[in-house]
Every structure is written in structure tokens, then in C-alpha cells.
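Single-letter residue listing:
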Amino acid sequence: MFNLYKKDTLKFTIEGSEIELDVTRLTATESLQLNSRISRIDPELNDVDEQGALIEIYLDLLVSIVSDIRGVNGLDSWPVDASERRKILNLCGFDFVFKAAVSYRTSSQVKEDEEGK
């Protein structure tokens, strides 16, 4: 089967640990759906509730796109079951989920090198 959407490895540092996430890129439709969910967050929420809603969206994103994680102490393998993945990400905490999601979104912005111009 031909896989149109590429896979990436995201790298970031959190609390002194080098983290690597193997991810599958979202399709254009999935990306639009993600952005739509983000834009529908109630603007009248206070900052804490708004952050909570955003983190729930990012948790869903990471549960669906991450195929493996390296660099998390105590984690021997990434579970296949989505509910187990969610539990692990919840244990990693807000900063981890936020940094991973931002890393994913930043990596999707294509950077053209000098040869490609």
C-alpha cells in the first residue's frame, strides 16, 4: 500500500530530557479538522479553561499521530491502545503535551533550502 503522508521524528527538550516522537503527518482534511476544533474553543472561557480545552485537543492529536516515544524515563514501549496512550501523555503533563504539539505544528511548516529556490 502506498503511504502518501510522510512520517517524521520530532525532537525537543523538556526538563533536561531529550525527547523523540515518531509521528505520522495529518492529512489535509485532518489538519483542517484540527484547526477547526481549535478555532471553536469558546472565546469567553477564562485562561485556565481555554488552556484545558486546547490541551484536550492536543492530547487527541498526539494519541492519533505518535507511533513511538523515546526519552521518557520509565516508558519501555508505546502502547497500541489509544486509552493507554492518553494515560501516559496525561502523566507526562501539560508542558510535555504542549511542547510536543507545538513541535509538531512547527515541523509542518516547510522550509525551503537554498538549492530549492
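Residues numbered from 1 in each chain as written. Predicted model: local features only at pLDDT ≥ 70, side-chain atom pairs only at ≥ 80, totals over all residues. Heavy atoms only, no water.

Trainee: Please explain the overall build of the protein as it appears in this structure.
Mentor: Of regular secondary structure, the protein possesses 4 helices and 3 strands. Helices and strands appear in the protein in the N-to-C order β-β-α-α-β-α-α. Counting only residues that meet the buried cut, the protein has 31% of its 117 residues in that class. Sequence separation of 24 or more characterises 55% of the internal contacts of the protein that already satisfy a separation of 6 or more. (Helix = DSSP H or I, 4+ residues; strand = E, 2+ residues; numbered from the N terminus. Buried < 20%, exposed > 50% of the residue type's maximum accessible area, 1.4 Å probe, protein only. Contact = heavy atoms within 4.5 Å.)

Trainee: Would you explain the packing of aromatic side chains in this entry?
Mentor: Enumeration over the complete set of coordinates arrives at 3 aromatic pairs. Plain terms: the ring middles of tyrosine 58 and phenylalanine 98 are 6.3 Å apart, the flat faces sit at 55° to each other, and that makes the pair tilted. Residue tyrosine 58 is found in helix 2 (residues 47-65), and its partner phenylalanine 98 is found in helix 4 (residues 94-107); the two are separated by 40 residues along the sequence. Judged by its relative accessible area of 35%, phenylalanine 98 is partly exposed. With centroids separated by 6.0 Å and ring planes inclined at 5°, the aromatic side chains of phenylalanine 94 and phenylalanine 98 adopt a geometry described as stacked. With phenylalanine 94 and phenylalanine 98 both in helix 4 and 4 residues apart, the pair spans about one turn of that helix. An aromatic cluster is built from Tyr58, Phe94 and Phe98, whose rings are joined through pairwise contacts. (Phe/Tyr/Trp six-rings, centres within 6.5 Å; stacked < 30°, edge-to-face > 60°.)

Trainee: Even after reading the chapter, I still don't get helix 2, so can you show me in this structure?
Mentor: Residue pairs spaced three or four apart in an α-helix point in one direction, given the helix's 3.6 residues per turn. If you check helix 2, its first and last C-alpha atoms are 27 Å apart, about what 19 residues at 1.5 Å a residue would give, namely 27 Å. If you check which residues of helix 2 are buried, you get Ile55, Ile57, Tyr58, Leu59, Leu61, Leu62, Val63 and Ile65. Of the surrounding secondary structure, the elements contacted by the buried residues of helix 2 are strand 2 (17-24), helix 1 (28-39), strand 3 (66-70), helix 3 (82-92) and helix 4. If you check the start of helix 2, you find a side-chain oxygen 3.1 Å away from the backbone N of valine 48, and it comes from asparagine 46. (Expected span 1.5 Å × (residues − 1). Polar contact = N/O pair within 3.5 Å; in protein donor to acceptor, adjacent residues only side chain to side chain.)

Trainee: Would you explain the sheet that holds strand 1 (residues 7-14) in this entry?
Mentor: Either a parallel or an antiparallel arrangement is found when strands of a sheet pair, and the pairing is made through backbone hydrogen bonds. Across the sheet, which stays open at both edges, the 3 strands sit in the order 1-2-3 with antiparallel pairing between neighbours. Two strands in the sheet have a free side with no partner beyond their single neighbour: strand 1 and strand 3. Ignoring strand direction, the axes of neighbouring strands in this sheet form an average angle of 20°. Where strand 1 and strand 2 come together, 8 bridges link them in antiparallel fashion. Residue pairing for strand 2: threonine 13 is matched across the bridge by glutamate 18. Running over the sheet, helix 2 touches strand 2 and strand 3 and is turned about 95° from strand 3. (Pairing = 2+ DSSP bridges. Axes fitted to C-alpha atoms, helices over the stretch in contact; angles between N-to-C directions.)

Trainee: Would you take a moment to explain the pattern of salt bridges for this structure?
Mentor: Pairs may arise between side chains of opposite charge once their charged atoms sit close together. Going through the model one piece at a time under the given rule, you end up with 9 salt bridges. Between lysine 6 and aspartate 8 there is a salt bridge, with the nearest N and O atoms lying 3.7 Å from each other. Exposure remark for lysine 6: the relative accessible area of 54% places this residue in the exposed category. Under the relative-accessibility criterion, aspartate 8 is labelled buried at 17%. The structure contains a network of salt bridges with shared partners spanning Glu20, Asp22, Asp68 and Arg70. (Salt bridge = Lys/Arg side-chain N within 4 Å of Asp/Glu carboxyl O.)

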